[in-house]
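Per-entry structural report
Chain by chain, the residues run as shown.
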Amino acid sequence: MEQPSIHVLTPGLVLIRNALSSEQQSWLSNLAIQLASSDPTGGFWVDLPDGQRVLNSGKHRGRIYDALSKFPQSEIVKQLCLNLLSKAQQKDQKMPSSDPTHLLLLYYANDDGMYWHRDSDKNDGSNDHPVISISLGNSCDFGYKLIGRQPQEIRLNSGDCLLFGGPQR
């Protein structure tokens, strides 16, 4: 495995390439699969009245979101996030501290993905606290827009981590 490399794209937006080892990626992927299959609400899927099983957040996207404490092995996931945040803060003094409280798992069934948007709903938490986004599986283009700039994209690979907080949240 290549060593992790930390890139401050702009204050409050940090990319950690190769943030997770292949073992960590496998463990986290298996945890996501376990969560999706044991979720009483259907995990990433919902069953329609006609018996059809579809993704729960659009044609090509499934979503699981809840308090981190409700997930098994939540302390291990929380510590992983805190370690990644600490690495980002070593390179970017604008990245604020945080105590992770929620987990969002997204499953994409194709390469459409989600382009830039701003998390501004009440359930998105404080707009200052960092989002710690870990990529698993196929590579994807992540769309983002810095304040006052044109939309941009960055290629994320399995094991990469993108953190955005403070001035870029």
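A short tour of the structure in this document, coming up. Owing to the predicted nature of the structure, the values given are computational and were not obtained by experimental measurement.

All right, on to the sheet that holds strand β1 (residues 5-10) then. What holds strands together in a sheet is hydrogen bonding between their backbones, with the strands either parallel or antiparallel. Read from one edge of the open sheet, 4 strands run β1-β2-β10-β7, paired in antiparallel fashion. Unpaired on one side and paired on the other, β1 and β7 (131-134) mark the two borders of the sheet. Each strand axis lies, on average, 15° off the axis of its neighbour in the sheet, ignoring direction. Examined bridge by bridge, β1 and strand β2 (residues 13-17) share 5 bridges and lie antiparallel to one another. Its bridge partner being in β2, Val 8 is matched across the sheet by Val 14. This element, helix α2 (residues 74-91), spans β1, β2, β7 and β10 (161-164) of the sheet and lies at about 110° to β7.

Let us now look at the side chain of Ser 135. Inspection of the secondary structure puts Ser 135 in the loop between β7 and β8 (140-145). For Ser 135, a relative accessible area of 8% puts it in the buried group. If near-sequence neighbours (up to four positions away) are discounted, Ser 135 is found in contact with Leu 156, Asn 157, Ser 158, Gly 159 and Asp 160.

Turning our eyes to something else, we now look at unusual backbone geometry. For residues besides glycine, phi is generally negative; the peptide bonds are generally trans as well. With a phi close to 55°, Asn 18 is a non-glycine residue in the positive phi region. Among the structural elements, Asn 18 can be located in the loop between β2 and α1 (22-38).

The relative placement of two packed helices comes down to the angle between their axes together with the axis-to-axis distance. Two elements in contact, α1 and α2, have axes separated by 12 Å at closest approach and are oriented at 135°. Classified by the interaxial angle, the pair formed by α1 and α2 is oblique. Here α1 runs over α2; the crossing is left-handed. Listed contacts from α2 to Gln 24, Trp 27, Leu 28 and Leu 31 of α1 are Ile 76, Val 77 and Leu 80. Each residue belonging to the contact of α1 with α2 can be placed in one class, and the counts come to 6 nonpolar, 1 polar and no charged.

Another point: the pattern of salt bridges. Summed over all chains, the structure comprises 5 salt bridges. Between Asp 47 and Arg 53 there is a salt bridge, with its nearest N and O atoms 2.9 Å apart. Looking at Asp 47, the relative accessible area reads 55%, which means it is exposed. The partner of Asp 141 in a salt bridge is Arg 155, and the shortest N-O contact between them spans 3.4 Å.

The next subject is α1. Working note: α-helix, 3.6 residues per turn, so residues spaced by three or four point in the same direction. Across its 17 residues, α1 extends 24 Å between first and last C-alpha, which sits within 8% of the 24 Å expected from 1.5 Å per residue. In this structure, the buried side of α1 is in contact with β3 (45-47), β5 (61-67), α2, β6 (102-108) and β7.

We now examine the nonpolar core. Ranked by internal contacts, the top residues of the largest apolar core, which has 26 residues, are Leu 84 and Leu 163. Those elements giving two or more residues to this core turn out to be β2, α1, α2, β6 and β10. If you tally residues by element for this core, the top one is α2, at 6 residues. With residues near it in sequence (within four places) discarded, Leu 84 still touches Ile 16, Ala 19, Leu 20, Ile 132, Ile 134, Cys 161 and Leu 163. If you look at the next biggest cluster of nonpolar residues, it comprises 9 residues, including Leu 13, Phe 142, Leu 146 and Leu 162.

Our focus in this paragraph is the side chain of Thr 10. Turning to its location among the elements, Thr 10 is positioned in strand β1. If we ignore the near neighbours within four places in the chain, the residues touching Thr 10 are Asp 92, Leu 146 and Gln 168.

Looking now at the layout of surface pockets. The computed volume of the second largest pocket comes to approximately 190 Å³. For the lining of the second largest pocket, the secondary structure elements donating two or more residues are α1 and β5. Residue contributions to the lining of the second largest pocket peak at 4 residues, all from β5. Taken together, the residues of the lining of the second largest pocket sort by class into 5 nonpolar, 4 polar and 4 charged.

Parameters and conventions
Residues numbered from 1 in each chain as written. Predicted model: local features only at pLDDT ≥ 70, side-chain atom pairs only at ≥ 80, totals over all residues. Heavy atoms only, no water. Pairing = 2+ DSSP bridges. Helix = DSSP H or I, 4+ residues; strand = E, 2+ residues; numbered from the N terminus. Axes fitted to C-alpha atoms, helices over the stretch in contact; angles between N-to-C directions. Contact = heavy atoms within 4.5 Å. Buried < 20%, exposed > 50% of the residue type's maximum accessible area, 1.4 Å probe, protein only. Parallel < 35°, antiparallel > 145°, perpendicular 65-115°, else oblique. Left-handed = near helix turned anticlockwise from the far one by under 90°. Nonpolar A, V, L, I, M, F, W, Y, C, P; charged D, E, K, R; others polar. Salt bridge = Lys/Arg side-chain N within 4 Å of Asp/Glu carboxyl O. Expected span 1.5 Å × (residues − 1). Core = buried A, V, L, I, M, F, W, Y, C linked by side-chain atoms within 4.5 Å. 1 Å grid on protein atoms, 1.4 Å probe; cavity = no way out; pocket = protein on both sides within 12 Å on 5 of 7 lines; lining within 4 Å. Points joined across faces, edges and corners; volume = space filled by probe spheres on them.

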